[in-house]
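# Topology and contacts: notes
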Amino acid sequence: FPSHDIWFTRGLLLLTAAGVDRIYLQPLFDNHHFSQSSYGLISSAKEQYKTKSSYYAVTSLIKSLQDYVFDKFVDPLEEYKGNQDVITLQFTHLHNPKKIMYVSWSPTNNGKNHLLSKYPLTLDSSLKQNMSNVKAEMLKLNFEKSEAQRSPAAADKDGRIIFDVSETPTLIEVEVP
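Within any chain, residue numbers begin from 1 and follow the written order of that chain's sequence. In keeping with the predicted nature of the model, local features appear solely for residues at pLDDT of at least 70, side-chain atom pairs appear and are counted solely at 80 or more, and the whole-chain, interface and lining totals rest on all residues. Side-chain figures throughout are based on the complete set of non-hydrogen atoms in the structure, without hydrogens or water.

### Digging into the sheet that holds strand β3 (residues 99–105)
Inclusion rule: The criterion for strand pairing is that DSSP finds at least two bridges linking the strands in question. Labels follow the DSSP assignment, with helices taken as runs of H or I lasting at least four residues and strands as runs of E lasting at least two, numbered in each case from the N terminus. Angles run from 0 to 180 degrees between N-to-C directions of axes, and those axes are lines fitted to C-alpha atoms, restricted for helices to the stretch in contact.
Here we have six strands laid out as an open sheet, ordered β1-β2-β3-β8-β5-β6, and antiparallel in their pairing. Each edge of the open sheet carries a strand with a single partner, namely β1 (68–74) and β6 (149–153). Strand-to-strand twist across the sheet, computed as the mean angle between neighbouring axes with direction ignored, equals 25°. Examined bridge by bridge, strand β5 (residues 135–140) and strand β8 (residues 170–175) share six bridges and lie antiparallel to one another. The residue of β8 that forms the bridge with Lys135 is Glu175.

### Considerations on the pattern of salt bridges
Keep this limit in mind: Each reported salt bridge corresponds to a side-chain nitrogen of Lys or Arg within 4 Å of a carboxyl oxygen of Asp or Glu. Buried, partly exposed and exposed residues are distinguished by accessible area as a fraction of the type maximum, computed with a 1.4 Å probe on protein chains only: under 20%, between the cut-offs, and over 50%, respectively.
Taken as a whole, this structure holds six salt bridges when the rule is applied. Lys63 is paired through a salt bridge with Glu147; the nearest N and O atoms lie 3.2 Å apart. Remark: Glu147 occurs in the loop between β5 and β6 and Lys63 occurs in helix α2 (residues 53–65); sequence separation between them is 84 residues. Close ionic contact of Glu137 with Arg150 constitutes a salt bridge, the shortest N to O distance being 2.5 Å. Remark: Arg150 occurs in strand β6 and Glu137 occurs in strand β5; sequence separation between them is 13 residues. You can call Arg150 partly exposed: its relative accessible area is 45%. One connected set of salt bridges, linked through shared partners, spans Glu137, Arg150 and Glu173.

### Digging into the pairing of β5
By the bridge criterion, five bridges tie β5 to β6 in an arrangement that is antiparallel. Its bridge partner being in β6, Ala136 is matched across the sheet by Ala153.

So, in structure tokens, the structure goes:
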């Protein structure tokens, strides 16, 4: 994925976590004076205003989090601190406190798409009381459609969801009935 897609989504997430209530994306269109496309969400008139992958990434993120509010930063496990940091934000559903959305990514450290395989995300302690009934879904940001791609996820007996973390944010929706 183009890096500006990742920058847009991670920037929005960090601004939300910082308490910013309204965020406007100014670079809506590419500047047609440059020979190459810039970082807009929609291409220039020269390219017939085609929707770019960054638009879909931002839209799928916003739609996925539209009923959630930022709660806290989740501290990574001790073994993943240092050079392999993982940033995880926790969001709580506005109308259902038993529904939590985690968003995790690995920050850019050397310009390459850093991948951390089999990262164990420890679920909030409030969810661990009833682990056998926890429902979880993984949401991958979509770069071609306005909806995130959903797939089932499962928590282990220790209250962790194991998944691969990359520079692109991954969302994990968890609910206890």
